[in-house]
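Coordinates in review
Here is what each chain is made of, one letter per residue.
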Amino acid sequence: MPKRIFSGVQPTANLHLGNYLGAIRNWVGLQHEYESFFCVVNLHAITAPQDPRELAARTRDVARIYLAAGVDPQVSTIFVQSDVHEHAELEWLLNGVTRLSELERMTQFKDKAKKQRENVLAGLLMYPVLMAADILLYQTDLVPVGHDQKQHIELTRDIAVRFNRDYGETFRLPEPFIPKVGAKIMSLDDPSKKMSKSDENPAGRIALLDDADTIRRKFKRAVTDSGTEIRFDESRPAITNLLSIYQLLTGKTAAEVEANFEGKGYAQLKSELTDATIEFMRPFQERFHSIGDEELTRILSDGRDRAREIARPIVREVMKRMGIAGA
Ligand code: AQP
């Protein structure tokens, strides 16, 4: 069987540089080495309340973002999660081997549940089981994600190991692919938090569809650390974060980045970072806006058909092994 990758992004809000640098950017290179499945995970999005009309529009926009970033529909399968019913079906089946205590231990659940307090939806707890289903459905070898998803992939492996043990060898065990630089892009207004779509304050993130003026304003207001030296240093997380974004967008090495900023001040760093970001965004956004509705619909329906071809027999096999096929 060919080596496979699977990954996805939730259409919960406008995607940001963290989503691109931590995840989507890596898909573009990996798609030529692996058989690739990139999904817009809209079923994950409803683990928090969503406006239905906005969710529908964003779902298509996230697929456009994949294409604009360089995911090639001739090479990769791009599809919407809810179009392939087997994701929800396998999730339910995997609930039969997942323990409540494992789900309650997940950091993302604990953090988000804290924010949503009274209104935590049951789906938020089940989120990692749906993610396990997404991954295991395609017999995935590698899952390129940002650092925040590492724990969910470990749980996916635990679920797969348990299923294989209880019902016979069925699933491949996936590995996470977490980039050395960019796996955790931090918020511009608080470098102790990751850049996040759901953060109430948009100043902390550069959205992939921000215009040049907004990008300039956000970087200008980005917090910095005390001191003046511009170099990578874990004890100065704000500057290190800005340098990491600069490094990834320019393709320079860490040494080249530090040499470039030697003797320069924070204002110069922000100005060069703004220019590098706008230089990346301009062609990216042009490609995003050039993808027509019909073309997108065709790509997503081809993707759905390709994904279902793989997903259907796996769900059938799992049901057979669990003794509920053909009931
Ligand atoms: N700050 C980040 N740095 C690097 N990678 C990141 N990712 C998310 N934030 C960062 C990676 O982007 C992919 C898609 O994320 P998601 O849609 O599944 O949402 P998330 O991981 O919960 O993070 P977000 O975008 O901040 O959304 P909210 O605010 O809704 O939680 C994943 O591979 C993720 O690791």
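Fair warning: this is a prediction, and the values are worked out from it, not measured in the lab. (Residues numbered from 1 in each chain as written. Predicted model: local features only at pLDDT ≥ 70, side-chain atom pairs only at ≥ 80, totals over all residues. Heavy atoms only, no water.)

1. Re the overall build of the protein chain
In terms of regular secondary structure, the protein chain is built from 13 helices and five strands. Here the C-alpha coordinates of the protein chain stretch approximately 70 × 45 × 40 Å along the principal axes. Burial analysis of the protein chain (327 residues in total) assigns 52% to the buried set. Partitioning the intrachain contacts of the protein chain with sequence separation of at least 6 by distance along the chain shows that 76% fall at a separation of at least 24. Surface exposure of the protein chain reaches about 15,500 Å², of which carbon and sulfur atoms provide 49%. Distance between charge centroids for the protein chain: 2 Å, based on 45 positive and 47 negative side chains. (Helix = DSSP H or I, 4+ residues; strand = E, 2+ residues; numbered from the N terminus. Buried < 20%, exposed > 50% of the residue type's maximum accessible area, 1.4 Å probe, protein only. Contact = heavy atoms within 4.5 Å. Areas by Shrake-Rupley, 256 points an atom, 1.4 Å probe, with all protein chains shown as cover. Lys, Arg positive; Asp, Glu negative; His and termini not counted. Charge placed at Lys NZ, Arg CZ, Asp CG, Glu CD.)

2. Observations regarding empty space enclosed by the protein
Inspection of every chain in the model, using the stated rule, returns two cavities of 30 Å³ or more. Roughly 80 Å³ of internal volume is contained in the largest cavity. If you go around the largest cavity, the residues you meet are A13, N14, L15, R58, D61, V62, I65, L208 and L209. Broken down by class, the residue content of the lining of the largest cavity amounts to six nonpolar, one polar and two charged. Of the pockets and cavities examined, the second largest cavity occupies roughly 30 Å³. In the lining of the second largest cavity, the residues fall into six nonpolar, two polar and no charged. (1 Å grid on protein atoms, 1.4 Å probe; cavity = no way out; pocket = protein on both sides within 12 Å on 5 of 7 lines; lining within 4 Å. Points joined across faces, edges and corners; volume = space filled by probe spheres on them. Nonpolar A, V, L, I, M, F, W, Y, C, P; charged D, E, K, R; others polar.)

3. Some details on the site of the ligand
Near the ligand, the surroundings consist of 25 residues, among which D148, K194, S196, K197 and S198 are the closest. Contact distances for the ligand include 2.5 Å between an oxygen atom and a side-chain N or O atom of S196. Between the ligand and the protein, one listed contact pairs an oxygen atom with a side-chain N or O atom of K197 at 2.6 Å. The protein chains hide 97% of the 640 Å² of surface that the ligand would expose on its own. (Near = heavy atom within 4 Å. Polar contact = N/O pair within 3.5 Å; in protein donor to acceptor, adjacent residues only side chain to side chain.)

4. Examining the domain arrangement of the protein chain
When the domains of the protein chain are assigned, the result is domain 1 (4-178 + 292-322) and domain 2 (202-288). With centres defined by C-alpha atoms, the gap from domain 1 to domain 2 works out at 30 Å. With 12 residues of domain 1 at the contact, the number on the domain 2 side is 13 residues. Contact between domain 1 and domain 2 buries roughly 1,300 Å² in total, counting both sides, with carbon and sulfur atoms accounting for 78%. When the buried surface of domain 1 facing domain 2 is broken down by residue, L17, L21 and A68 rank first, second and third, together holding 43% of it. On inspection of domain 1 and its partner domain 2, the count reaches four residue pairs in polar contact (both at pLDDT 80 or more). Of all the secondary structure elements, the ones that give two or more residues to the side of domain 1 that touches domain 2 are α1 (17-30) and α3 (52-69). Looking at the side of domain 1 that touches domain 2 element by element, the count peaks at five residues for α3. Residues that form the side of domain 1 that touches domain 2 fall into these classes: seven nonpolar, two polar and three charged. (Domains from an automatic or database assignment. Buried area = accessible area lost by both parts, 1.4 Å probe.)

5. Focus on the pairing of strand β2 (residues 35-40)
Most of β2 sits inside the fold, with five of its six residues counted as buried. Sheet analysis places strand β1 (residues 4-9) next to β2, joined by six bridges and oriented parallel. Paired with S7 across the two strands is F38, which belongs to β2. After leaving β1, the chain enters α1 and then returns to the sheet as β2, a path that is right-handed. (Pairing = 2+ DSSP bridges. Right-handed = clockwise from strand over helix to strand, strands pointing away.)

6. Some points on the packing of aromatic side chains
Tallied over the entire structure, the rule returns 11 aromatic pairs. Taken together, a centroid distance of 4.9 Å and an interplanar angle of 70° make the contact between Y246 and F261 edge-to-face. Of the two residues, Y246 sits in helix α10 (residues 237-250) while F261 sits in helix α11 (residues 254-261), which places them 15 residues apart along the sequence. With respect to burial, Y246 and F261 carry one shared label: buried. Ring-pair connections join several aromatic residues into one group, and the members of that group are F6, F37, F79 and Y138. (Phe/Tyr/Trp six-rings, centres within 6.5 Å; stacked < 30°, edge-to-face > 60°.)

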